[in-house]
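# Remarks on the overall topology
As a plain string of letters, each chain reads:
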Amino acid sequence: MSRVAVVTGAAGGLGRAITARLLADGFAVIGLDLDSDGLTDMAKAPGFTGLTVDLTDAAAIRDAFARIRSDHGGLDALVNNAGTCFMSDFPDIPAEELAAQMGVNFSSAFFCCQEAVKLMAGREGVRKIVNISSNGAYNFDVFDPPHYRASKAAMDTLTKDLARRYAADKIAVNSIAPAMTETPLFGVLTPEVLAKAIAQMPHGRAMQPAEIAAWVGFLLSPAGDVSSGNVIILNQGRDVR
Ligand SMILES: NC(=O)c1ccc[n+]([C@@H]2O[C@H](COP(=O)([O-])OP(=O)(O)OC[C@H]3O[C@@H](n4cnc5c(N)ncnc54)[C@H](O)[C@@H]3O)[C@@H](O)[C@H]2O)c1
């Protein structure tokens, strides 16, 4: 029987690459996203099921995982990838934008983890949670706004808490924190800010979604069984001092 993985934000740039990687690795993949057209497009791939969910809605997440339990019987892996980056300047960030930033990037992962650990109980082997964080939580030279950084720092603290909490239950929890990766999210940046950020990448180019997805695949493979509580920085060595 296939192992079962949930990928949030599956219809986005990184989500599609992660989904393709996990399908190629033999997982049945359930993609959760707001973008129902994108999910319908992806549903042509054998082994993929899309569920349209607003991941800022805890009740909608509970319903989606209840359906996953009834359709698949349990869960072996969760990739919390859904996210966005609101760009207002610090003094002008309205309360609603701060709440939305934390809601999409952090609370969504928190709620999905709550449901996932229940569905992982009793499954074979080491189960996996991978949280897609960001270099923005650690590098203060680049453009990232403070509420985006904070949402990802919160996510990485959740990673460490759950890693410790569930180690003996064989649930391994890690973060992957990429720098500039070419996806539709580049659209939040002005051409000048984007060009400057890409110029700072040591290889002279943005990373590709498949390069990040390969690391997710590695963590979900048996080789990843012994890693938990780590934040894996992927940035071509940009921030080494
Ligand atoms: N692209 C980069 O350079 C980069 C760098 C570091 C971290 N990241 C992180 O990678 C992750 C994926 O980003 P991406 O670059 O693929 O962006 P993207 O915009 O292409 O994809 C994001 C996906 O999340 C979905 N989504 C957003 N809000 C949602 C909600 N409320 N409910 C359900 N789905 C929702 C969108 O519909 C979209 O499909 C994000 O968490 C982002 O912070 C990206």
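Scope of this entry: the structure provided in the associated data block.

Rules used in this analysis
Residues numbered from 1 in each chain as written. Predicted model: local features only at pLDDT ≥ 70, side-chain atom pairs only at ≥ 80, totals over all residues. Helix = DSSP H or I, 4+ residues; strand = E, 2+ residues; numbered from the N terminus. Buried ≥ 20, exposed ≤ 12 C-beta atoms within 10 Å, placed from the backbone. Contact = placed C-beta atoms within 7 Å. Near = placed C-beta within 6 Å. Nonpolar A, V, L, I, M, F, W, Y, C, P; charged D, E, K, R; others polar. Pairing = 2+ DSSP bridges. Axes fitted to C-alpha atoms, helices over the stretch in contact; angles between N-to-C directions. Core = buried A, V, L, I, M, F, W, Y, C linked by C-beta atoms within 7 Å. Expected span 1.5 Å × (residues − 1). Arc of directions from axis to C-beta.

### Looking at the environment of Ile68
One can find Ile68 in helix 3 (residues 58-72). Take Ile68: there are 21 C-beta atoms within 10 Å of it, and that puts it in the buried class. Sequence separation of Ile68 and Val240 is 172 residues, and the distance between their C-alpha atoms is 41 Å. Ignoring anything within four residues of it in the chain, the contact list for Ile68 reads Val6, Ile30, Leu75 and Leu119.

### Describing the site of the ligand
With respect to spatial proximity, 26 residues lie near the ligand, and among them Gly9, Gly12, Leu14, Gly83 and Thr183 are the closest. Broken down by element, the residue count for the shell around the ligand peaks at three residues, all from helix 1 (residues 13-24). Looking at the shell around the ligand residue by residue, the class counts come to twelve nonpolar, eleven polar and three charged.

### Regarding the sheet that holds strand 2 (residues 28-33)
Consider a sheet: its strands pair through backbone hydrogen bonds, and that pairing is either parallel or antiparallel. Judged by pairing direction, the sheet is parallel, and its seven strands sit side by side in the order 3-2-1-4-5-6-7 without closing on themselves. The open sheet has two free edges, formed respectively by strand 3 (48-52) and strand 7 (231-234), since each of these has just one partner strand. Across the sheet, the axes of successive neighbouring strands diverge by a mean angle of 15°, strand direction being ignored. Pairing analysis gives five bridges linking strand 2 to strand 3, with the strands arranged parallel.

### Topic: the nonpolar core
Counting 55 residues, the largest nonpolar core has Ala5, Val6, Leu78, Val79, Ala116 and Val216 as its most contacted members. Beyond its immediate stretch of four places on either side in the chain, Val216 contacts Ile18, Arg21, Val79, Val130 and Ile176.

### Some thoughts on helix 1
Spanning twelve residues, helix 1 covers 17 Å between terminal C-alpha atoms, matching the ideal 16 Å at 1.5 Å per step. If you check which residues of helix 1 are buried, you get Leu14, Gly15, Arg16, Ala17, Ile18, Thr19, Arg21 and Leu22. Looking one or two residues past helix 1, Gly26 carries a phi angle of roughly 95°, positive in sign.

### Comments concerning helix 3
Helix length check: helix 3 (15 residues) gives 21 Å between terminal C-alpha atoms against 21 Å at 1.5 Å per residue, within 8%. All of the buried residues along helix 3 are Ile61, Ala64, Phe65 and Ile68. In an axial view of helix 3, the angular spread of the buried residues amounts to 95°, which keeps them on one side of the axis. Turned more than 90 degrees off the buried face of helix 3, the exposed positions are Ala59, Ala66 and Ser70. Backbone geometry just after helix 3 places Gly73 at a positive phi near 85°.

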